[in-house]
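# Close look at the chain arrangement
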Amino acid sequence: MDKIGPKAAPIPTLYELSVRGRSGLDLPASDVPQAPLPAAELNQDCDLPELSQLDVVRHFLALSQRNFGVDTGFYPLGSCTMKYNPKINEQLARLPALAETHPLQDLDSVQGNLALMHALQQWLAEIGGFAGVSLQPAAGAHGEFTGLLMMRAYHQDRGDSRRTRILIPDSAHGTNPASCTMAGFTAVEIRSDARGNIDLDAVRAACDASVAGIMMTNPNTLGLFEEQIDEVVRLVRDCGGLVYGDGANMNALAGIARPGDLGFDVMHFNLHKTFSTPHGGGGPGAGPVGVSQRLIDFLPAPVVAMDSGRAGEPRYVLASPKKSIGRVSTFFGNFGMFVRAYAYLRLHGGEGLRANSEHAVLNANYLRVKLRNTFPVPFDRMCMHEFVCQGAVEATGVRALDISKRLLDYGFHPPTNYFPLIVPEALMIEPTETESKPTLDAFVTAMQAIAAEAASDPDLVKSAPHKTPVRRLDEVRAARQLVLCDRAKAAGG
Amino acid sequence: MPYVPHTEAERAEMLACIGVKRPAELFTDVPAKVRLPKLDLPPPCSEIEIEREMRTLAARNFALDPSASFLGAGAYHHYRPATVDYVLQRGEFYTAYTPYQPEVSQGVLQALFEYQSMICRLLALEVSNASHYDGATALAEAVLLALNLGRDSNRSKILFSSAVHPQYRAVVRTYLRGMSSATVTGDEDGDDLDRLTSQIDGSTAALVIQSPNFFGQFEAVDGLAERAHTAGALLIVVTDPIALGRFRPPGAYGADIAVAEGQCLGIPPSFGGPHLGIFATRMAHVRRISGHLAGETADVDGRRGYVLTLATREQHIRRAKATSNICTNSTACALAAAAYLATLGKRGLREVAELCFQKSHYAAAQIAALDGFAVNPQAPEKPFFKEFVVRLPRPAVDVNAALREEFGIIGGYDLGGDYPRLEQHMLIAVTEIHTRAAIDRLVAALGQVAKRK
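This structure is a prediction, so every number in the text was calculated from the model and none was measured.

### A few points about the overall build of chain A
Assigned secondary structure in chain A consists of 14 helices and twelve strands. Relative to the 2.2 N^0.38 estimate, which gives 23 Å for 493 residues, the radius of gyration of chain A is 25 Å and therefore close to what a compact globule would have. With the C-alpha coordinates of chain A rotated into their principal frame, the extents come out at 75 × 70 × 45 Å. Per-residue burial for chain A yields a buried fraction of 60% across its 493 residues. By sequence separation, contacts in chain A at least 24 residues apart represent 74% of the contacts at least 6 residues apart.

Structure (structure tokens):
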């Protein structure tokens, strides 16, 4: 982080830096005869900024210095699995023989890519306990939408069009109900019980012939393994519903338990969480879906299949599942992320995956125990890869938001705050397996120091952060006086 | 790989702190019958070995020289300035999450704001979001916006030109599976816009066209927006951002929403992804936009800063009532596009657009002169940008196999699969990376391949 403190000047925008006549790149002169441009189709001026190449480089470098990533420091953002993104992954995804391949090339010319995708499909199916996998969805929410469309198609295929409701626990990620709406379902919220599990009685009461299925996050967003998962799955199945798994929290379970073995019919994997592909500042990720035998015919097309009728080196082909819901994105999905996830899986193998999950859970429980006397943990039992504590400091007016902002001054990214919605003043902490004990201890020390500050000097905490390039930003003004496009006119534009 | 840093002593200390003896005791909530499965995965390898393995795998692909490839159809080989990957490799950017903590995310937020600013100006529209997954999903979100807007007036019909990318139309149809009332029509045959606009009626939510269209040609867009608007429908345009360096933008001819695949702006083809969905519209629709929006504001000291704004549209606040379920989108690709557009600037993008135009026209003229070939026979009167249709004397699949095996050239996209009327036709893309010599090699190879029966 740039530690310039409260006097940091804003970085001028590209348009403010623009000077008429500058350019950052020379292009070769045309080596072909000139054809006349169609006069009616020409534009006046495309009004892009004009900068030298060094201007561009310094601009983006300066911007990067005002951004915090996993490479900068500890990033315990709950449910986001901000673990280390291995540098070898980046190098491999950039190999020209992979990165330059075009998605519409003849299949004989891209057998390497197809072999990689086929292996990844197989490995994800194995890890999740599923019968089939589509790599096509581009993100977790995209995978949810895909899974829900498959569930819809499954019921319709059986001539059962009454199933319009999807049960969703009140602790679920917001993407779950949003995906339901997009897929034409009605989301029905189910309360949690006193131990942080989904309330079994509420599930029982909601299960009827209008239920298309349930969306379960397990471990849930409290970081707790659903203790009655078998019973929940049985109830939903008995009423004719399907079980969707939100794989956002798979970093606790890879190598520990397979959702397919628990009776899940469909789940998305977040390659950008569990399988170490970078989050990219908000994507691109990848959200492959795994399905049970019941849904395998509904997977998005195409999937990669092995041409079995041949001797020698296997040949890979594209196949369209019998009752496919169709495409959810162009081409094959985010292939560049498949390369990174493939590398991660090869580097770890089955035992390594289990070890990573164990350490993710070890780190989370260590922090839970270290912090619970300072910040209460409402559902205080053995957690999985994350836990939720409460960030309010009694009698000081200091809230979870203030604790989060003060953590920035200590050089840490804050936990997810105010989520899940069922815990007031929630701080959701997910350390991941790649953080060392000294890092975790330093985080504990910072949290304790902030709690002490909250008691002795609450205003210091409430007005935090103090050491970041900007301080608290006026979000109300941003929404009321919308400025979504730079008003500075490009020079000469 | 030593992914977990703990020493044995640290691990023991941490387990003791928690009050358990072995890591297995952390998982007692997991039903014993499913706990600790034996996974059938290959054994782990080292970094040296995965590097070797990946190169071996990559070597099973045809060794592609992008300047010997003439495939386009939605993904393109354009030159990527070195500055783009320099920016993408900054760990502060690519290892960050979505910028929900603006005080330590000003870098990504300002870059997204600048991306939005450049996209607005390029498309001549008022507001751009911060990205979608790809061009097709951006179009699907545009169609959903139009349907939501038209809901109160019972507008449920989407009229599609068949010259919109076939995969985009397929994705839109998938997206609409959850909306039983919505219908997609118009693209069953032909791509005659007059025929299409004659179908606009009071139930039409949007007219969707692509220009330059899937065949690379500029559509006759004048008057289209008026015809759509008169009937109360939106005009949605799929476009090519490279073309906008020299050719008129969708906003200038009345588009209400413009979407595009942004892969051409500094992002490698990468076998189809990750790519970038560009989405821009008019301010009147800002509250119905899906996806993130970076907005300018000020901090408590009055300093300029940026935040994600209008979050009340989004899933983490509105849940089932959100405008979309988008969370992770394609920020790093938007960053690539921002670095690309900033590096090229006004003059650079104009030159790239002109080079694409000139070189593709040279290639088209040379191919048209070959015996048995015709260029854009389906619509000879329409001007084109960087792609054109070639009628071949032999099946496209045979031509492409011969080009690759005998000449090391990747030929065009076989159109027969998506358009039965265009059997034995291919779509050829030519960009600024193709030299005259590379084009001449393609032309000579096509001539030789055609002679064989």
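### Details of the overall build of chain B
Looking only at helices and strands, one finds 13 helices and 13 strands in chain B. Counting only C-alpha atoms, chain B reaches 80 × 55 × 50 Å along its principal axes. Split into buried and exposed, the 453 residues of chain B put 62% on the buried side. The contacts in chain B between residues at least 6 apart in sequence include a share of 73% that link residues at least 24 apart.

### A word on the sheet that holds strand 12 (residues 426-429) of chain A
All names here are of chain A. Here we have three strands laid out as an open sheet, ordered 10-12-11, and antiparallel in their pairing. Looking at the sheet topology across the chains shown, the edges are occupied by strand 10 (387-390) and strand 11 (416-417). One ladder, built from two bridges, connects strand 11 with strand 12; its direction is antiparallel. Directly across from Thr 416, in strand 12, lies its bridge partner Met 428.

### A word on the pairing of strand 7 (residues 277-281) of chain B
Residue and element names in this part refer to chain B. Across the five residues that make up strand 7, a large majority, five, are buried. Burial along strand 7 is two-sided: Gly 277, Phe 279 and Thr 281 and Ile 278 and Ala 280, pointing in opposite directions, are all buried. Inspection of the sheet shows strand 1 (residues 127-128) paired to strand 7 by two bridges, in the antiparallel sense. Its bridge partner lying in strand 7, Ser 128 is registered against Ala 280.

### Some details on the sheet that holds strand 4 (residues 204-210) of chain B
All names here are of chain B. Pairing within the open sheet is mixed, and its seven strands lie in the order 1-7-6-5-4-2-3. If you trace the sheet from one side to the other, it starts and ends with strand 1 and strand 3 (183-185), each paired once. Alignment of strand 6 (residues 257-261) against strand 7, held across five bridges, turns out to be antiparallel. Residue pairing for strand 7: Ala 258 is matched across the bridge by Ala 280.

### What to know about the nonpolar core
In this structure, A:Phe338, B:Val143, B:Ile236 and B:Ala336 are the most contacted members of the largest nonpolar core, which totals 310 residues. When residues of this core are assigned to their parent elements, the largest contribution, 22 residues, is made by helix 11 (residues 331-368) of chain B. Other than its neighbours up to four places away in sequence, B:Ile236 contacts B:Ala142, B:Val143, B:Ala146, B:Ala206, B:Val208, B:Ala255, B:Asp256 and B:Ile257.

### Focus: the domain arrangement of chain A
How big an interface is tends to be stated in terms of the accessible area lost upon association of its parts. In terms of domains, chain A is made up of domain 1 (89-346) and domain 2 (358-478). Facing the 14 residues of domain 1 of chain A at the interface are 16 residues of domain 2 of chain A.

### Digging into the domain arrangement of chain B
Residue and element names in this part refer to chain B. Annotation of chain B at the domain level lists domain 1 (66-79 + 345-451) and domain 2 (82-338). Computed over C-alpha atoms only, the centres of domain 1 and domain 2 are separated by 28 Å. The greatest single-element share of the side of domain 1 that touches domain 2, amounting to six residues, is contributed by helix 11. Across the side of domain 1 that touches domain 2, the residue classes break down as 13 nonpolar, three polar and six charged.

### What about the environment of A:Cys207?
All names here are of chain A. Note on placement: Cys 207 falls in the loop between helix 8 (200-206) and strand 4 (211-217). Under the C-beta neighbour-count criterion, Cys 207 is labelled buried, with 20 such atoms within 10 Å. Here the alpha-carbon distance between Cys 207 and Ile 166, two residues 41 residues apart in the chain, equals 9.8 Å. With near-sequence residues (within four places) excluded, Cys 207 lies in contact with Leu 235, Val 236 and Cys 239.

### Regarding the interface of chain A and chain B
Taken together, the 168 residues of chain A in the interface contact 168 residues of chain B. Per-element accounting of the side of chain A that touches chain B gives the leading share, 21 residues, to helix 10 (residues 335-371) of chain A. Grouping the constituent residues of the side of chain A that touches chain B by class yields 86 nonpolar, 52 polar and 30 charged.

### Considerations on helix 5 (residues 106-123) of chain B
Helix length check: helix 5 of chain B (18 residues) gives 25 Å between terminal C-alpha atoms against 26 Å at 1.5 Å per residue, within 8%. Counting buried positions over the 18 residues of helix 5 of chain B gives 18, a clear majority of the element.

### Comments concerning the confidence of the model for chain B
On average, chain B scores 96 in pLDDT, and the residues at 70 or more come to 99%. Two numbers describe this predicted complex: its pTM, 0.97, and its ipTM, 0.98.

### Let's talk about the packing of helix 11 of chain B against helix 13 (residues 436-451) of chain B
Residue and element names in this part refer to chain B. Between helix 11 and helix 13, the least distance of the axes is 10 Å, while the angle of their chain directions is 25°. Taken together, helix 11 and helix 13 sit at an angle that is classed as roughly parallel. Between helix 11 and helix 13 lies a crossing of right-handed hand. Residue-level contacts link Lys 359, Tyr 362, Ala 363, Gln 366 and Ile 367 of helix 11 to Arg 436, Ile 439, Leu 442, Val 443 and Leu 446 of helix 13. Classifying every residue of the contact of helix 11 with helix 13 gives seven nonpolar, one polar and two charged.

### Description of helix 2 (residues 47-58) of chain B
Taking 1.5 Å of rise per residue, the twelve residues of helix 2 of chain B would be expected to cover 16 Å, and the 16 Å separating its terminal C-alpha atoms lies within 8% of that figure. Looking only at helix 2 of chain B, the buried set comprises B:Ile50, B:Met54, B:Leu57 and B:Ala58. Here the buried residues of helix 2 of chain B occupy an arc of 95° about the axis, which is enough to place them on one side. Exposed positions of helix 2 of chain B whose direction lies more than 90 degrees from the buried face are B:Ile48, B:Glu49, B:Arg52 and B:Thr56. If you follow the buried residues of helix 2 of chain B, they end up packed against helix 3 (87-93), helix 4 (96-99), helix 5 (111-128) and helix 10 of chain A.

Rules behind the numbers
Residues numbered from 1 in each chain as written. Chains lettered and ligands numbered in written order. Predicted model: local features only at pLDDT ≥ 70, side-chain atom pairs only at ≥ 80, totals over all residues. Helix = DSSP H or I, 4+ residues; strand = E, 2+ residues; numbered from the N terminus. Rg over C-alpha atoms; globule rule 2.2 N^0.38 Å. Buried ≥ 20, exposed ≤ 12 C-beta atoms within 10 Å, placed from the backbone. Contact = placed C-beta atoms within 7 Å. Pairing = 2+ DSSP bridges. Core = buried A, V, L, I, M, F, W, Y, C linked by C-beta atoms within 7 Å. Domains from an automatic or database assignment. Nonpolar A, V, L, I, M, F, W, Y, C, P; charged D, E, K, R; others polar. Expected span 1.5 Å × (residues − 1). pLDDT = per-residue confidence, 0-100. Axes fitted to C-alpha atoms, helices over the stretch in contact; angles between N-to-C directions. Parallel < 35°, antiparallel > 145°, perpendicular 65-115°, else oblique. Left-handed = near helix turned anticlockwise from the far one by under 90°. Arc of directions from axis to C-beta.

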